[in-house]
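Listed here are the chains, written in short residue letters.
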Amino acid sequence: MSEKIIIFDTTLRDGEQSPGASLTVMEKVEIARQLEKLNCDVIEAGFPVSSPAQFEAVKRISGEVGIVVAALARAKEIDIKSAWDSIKEGEKKRIHTFSSTSDYHIIGKFGHERYGKTLEEKRKTVIQMSYDMVQYAKSLCDDVEFSAEDAGRTDLVYLSEVVEAAIEAGATTINIPDTTGYTMPKEFGYKIAELKKRVKNIDKAIISVHCHNDLGLAVANSISGIENGARQVECTINGLGERAGNASLEEIVMALNVRKDLFNFHTDVRTKEIYNTSRMVSGFSGIIVQPNKAIVGENAFAHESGIHQDGMLKNRETYEIMTPESVGVNKTKIVLGRHSGRHGLKSRLYELGYNLSEEELNKAYESFIKLADKKKEVFDDDIRIMMGDEIFKDSSHYILDYMQVNSGTNALPTAAVRIIKNGTELSDSATGDGPVDALFNAIDRALGMESLIESYRVRSVTSGRQALGEVSVRIRAEGKSFTGRGVSTDIIEASAKAYLSSINQREMYNAEKKNSFINQDELTEAV
Ligand code: KIV
Ligand code: ZN
């Protein structure tokens, strides 16, 4: 009998920390439902203390899905209380608390004398704080996970002491993160094996691994961790995450699946839902999947060279170690057209992983009709992009209602726009150096604010002459960058949507800062 590996998906927490990724509460709920369909075991839904929007997303997800929902908390009472409040009404819940354990982190974050004068004293303080906070979390919730942040660079003897204390205080899952993506597979596996040997109460907890991809080794390290005793793996769809990202869920799951001959492990993931999940996350987060990405990239199953094609025609196994169908990639592409009814759209959306309410379906159908008027054939990817573009956007955001742009040879480019926010119309017009410049000037005038544009990019995201064009705009404000995305068959309209979307990101950031439960500077403070 093969042993089960618990899949802990952190797309909605660590994944959302990806630069440029930002999901609305409704988008997070939709992704959570799809992760349930994928049959993950645990979803880490967010970091509730960090903002009201994070709190609300975790609370809604926890009420929505039937699998374990984890909420992240630093080893601080205020965080743990907030994590608990966000999940307590859910069916299955977990508090996930963490302390920093490497000397780099201890010196960097616990520099103040109140944590101890020497490194030795500070290390003791961290053990005591971890113990107390796991105990507090346990008084609220049966299922408590403890992470030793930067365990990859933490001294093994000290790490063993921290882990033992956390288990004694009640943690039932011990997570060993390679926070900086520093370790090598052999070294990381050795750490897990040694913890199993050295920590005397280790049999009371499940060991988990959580690897970052700074050296491109997150998946290799995770698998090495599993081979050496870890039974939970933390990962994200498309490998999304801070900096170079986290270990990719689809790569770990398929590695265990394809190499059953080598590993005596299995997961309960429904692999046929992998592709839909990947596309949904990419559509909502705006982070594109590189074409050569393993398992879910556009080229993952493409065979270009003649020798490969010939080999494939004779016997697929010549060059294929898994079938596209096994991960949900289907070759049939044309789906709907303007005469397809609501019912046809609804069932296609369901097949693509979207479970919409009546109101959401109405919105989706309206967008679909507009799209089908412009495009004769609507492909799966058009639908996915349409869903990622506007269906789950909030009416409290700036939404483009109308635009008209005139430009031509020897003509002065002019643009007029009407934008709606919370039911209020904001209109204006302007000229510019070109059509896009005129459009952005008109938007600035209508909103009464200017934004510094850092970058502007256009690309085609679906195929054919009537392909959807995607524009991405990055603006700079408040010392931060905000990236917005817009999609349309008309790239000028896509530009307006992308610019407004970057402004909406900026507004969301400012609102979160204003309404935060705690001072944002405190979030980066020691735990
Ligand atoms: O990378 C990391 O250390 C983390 C912890 C909070 C688990 O994300
Ligand atoms: Zn992480």
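Reading guide: rules and limits
- The numbers attached to residues start from 1 for each chain and follow its sequence in the written order.
- Starting at A for chains and at 1 for ligands, labels are handed out in the order in which the entities are written.
- At least 70 in pLDDT is required for a residue's local features to be given in this predicted model, at least 80 for side-chain atom pairs to be given and counted, and no such filter applies to totals for whole chains, interfaces and linings, which use all residues.
- Side-chain numbers come from the whole structure's heavy atoms, not from hydrogens or water.
- Note on donors: an N, O or S atom is included if it sits within 2.8 Å of the metal, or within 3.2 Å for Na, K and Ca, and water is never included, so sites can look incomplete.
- Using a 1.4 Å probe on the protein chains alone, a residue whose accessible area is under 20% of its type maximum counts as buried, one over 50% counts as exposed, and one in between counts as partly exposed.
- In DSSP terms, a helix is any run of H or I states spanning at least four residues, a strand is any run of E spanning at least two, and both are numbered starting from the N terminus.
- The length a helix should cover is 1.5 Å for every residue beyond the first.
- What is meant by a nonpolar core is a set of buried Ala, Val, Leu, Ile, Met, Phe, Trp, Tyr and Cys residues, joined one to another through side-chain atoms within 4.5 Å.
- In what follows, a contact means two residues having at least one pair of non-hydrogen atoms within 4.5 Å.
- In this scheme, strands are said to pair when DSSP sees at least two bridges between them.
- As a rule, the C-alpha atoms of each element are fitted with a line to give its axis, helices using only the stretch in contact, and angles between N-to-C directions run from 0 to 180 degrees.
- By salt bridge we mean one thing: a side-chain nitrogen of Lys or Arg within 4 Å of a carboxyl oxygen of Asp or Glu.

Colleague: Describe in detail the coordination of the zinc ion (ligand 2), supporting the description with residues and values.
Modeller: Ligation of the zinc ion (ligand 2) by protein atoms is provided by Asp 14 (OD), His 210 (NE2) and His 212 (NE2), these donors lying 2.0 to 2.1 Å from the ion. In the primary sequence, the donor residues of the zinc ion (ligand 2) line up as D-x195-H-x1-H. The exposure class of His 210 is buried, given its relative accessible area of 5%. We classify His 212 as buried; its relative accessible area is 4%.

Colleague: Hey, could you go over helix α1 (residues 25-38) for me, with residue numbers and the actual values?
Modeller: Taking 1.5 Å per residue, 14 residues should reach 20 Å; α1 reaches 20 Å between its end C-alpha atoms and fits that length. Of all the 14 residues making up α1, eleven are buried; the element is thus mostly covered by neighbouring parts of the structure. Buried within α1 are the following residues: Val 25, Glu 27, Lys 28, Val 29, Glu 30, Ile 31, Ala 32, Gln 34, Leu 35, Lys 37 and Leu 38. The first or second residue beyond α1 is Asn 39, which carries a positive phi of 75 degrees.

Colleague: Explain the nonpolar core to me, using residue names and the numbers behind them.
Modeller: By size, the foremost hydrophobic cluster in this structure holds 113 residues, and its most contacted members are Val 163, Ile 174, Ile 176, Leu 349 and Met 387. Counting residues per element, this core draws most heavily on helix α6 (residues 156-169), at nine residues. Dropping the residues within four chain positions of it, Ile 176 is found in contact with Ala 151, Val 163, Phe 188, Ile 192, Leu 195, Ile 207, Ser 208, Val 209 and His 210. Formed by 28 residues, the second largest nonpolar core is a distinct cluster that contains Tyr 398, Ala 477, Ile 492 and Ala 498.

Colleague: Requested: an account of the sheet that holds strand β6 (residues 144-149), with residues and values cited.
Modeller: In space, the eight strands of this closed barrel follow the order β2-β3-β4-β5-β6-β7-β8-β9, with parallel pairing throughout. For this sheet, the mean angle separating the axes of adjacent strands, direction not counted, is 25 degrees. Bridge count for strand β2 (residues 6-9) against strand β9 (residues 232-235) is four bridges, and the pairing is parallel. Counterpart to Ile 6 in the pairing with β9 is Gln 232. Most of the contacts of helix α5 (residues 119-140) go to strand β5 (residues 93-100), to which it runs at about 170 degrees, and overall it touches β5 and β6. On top of the sheet, helix α8 (residues 218-227) reaches β7 (173-178), β8 (206-211) and β9; it is set at about 170 degrees to β8, its chief contact.

Colleague: Run through the pattern of salt bridges, naming residues and quoting values.
Modeller: Applying the stated criterion across every chain, the model contains 38 salt bridges. In this structure, the salt-bridge partner of Asp 41 is Lys 4, at a minimum N-O distance of 2.6 Å. Here Asp 41 is found in the loop between α1 and β3 (42-46), whereas its partner Lys 4 is found in strand β1 (residues 3-4), with 37 residues between them in sequence. Asp 41 sits in the buried class, given a relative accessible area of 19%. What makes Lys 4 partly exposed here is its relative accessible area of 28%.

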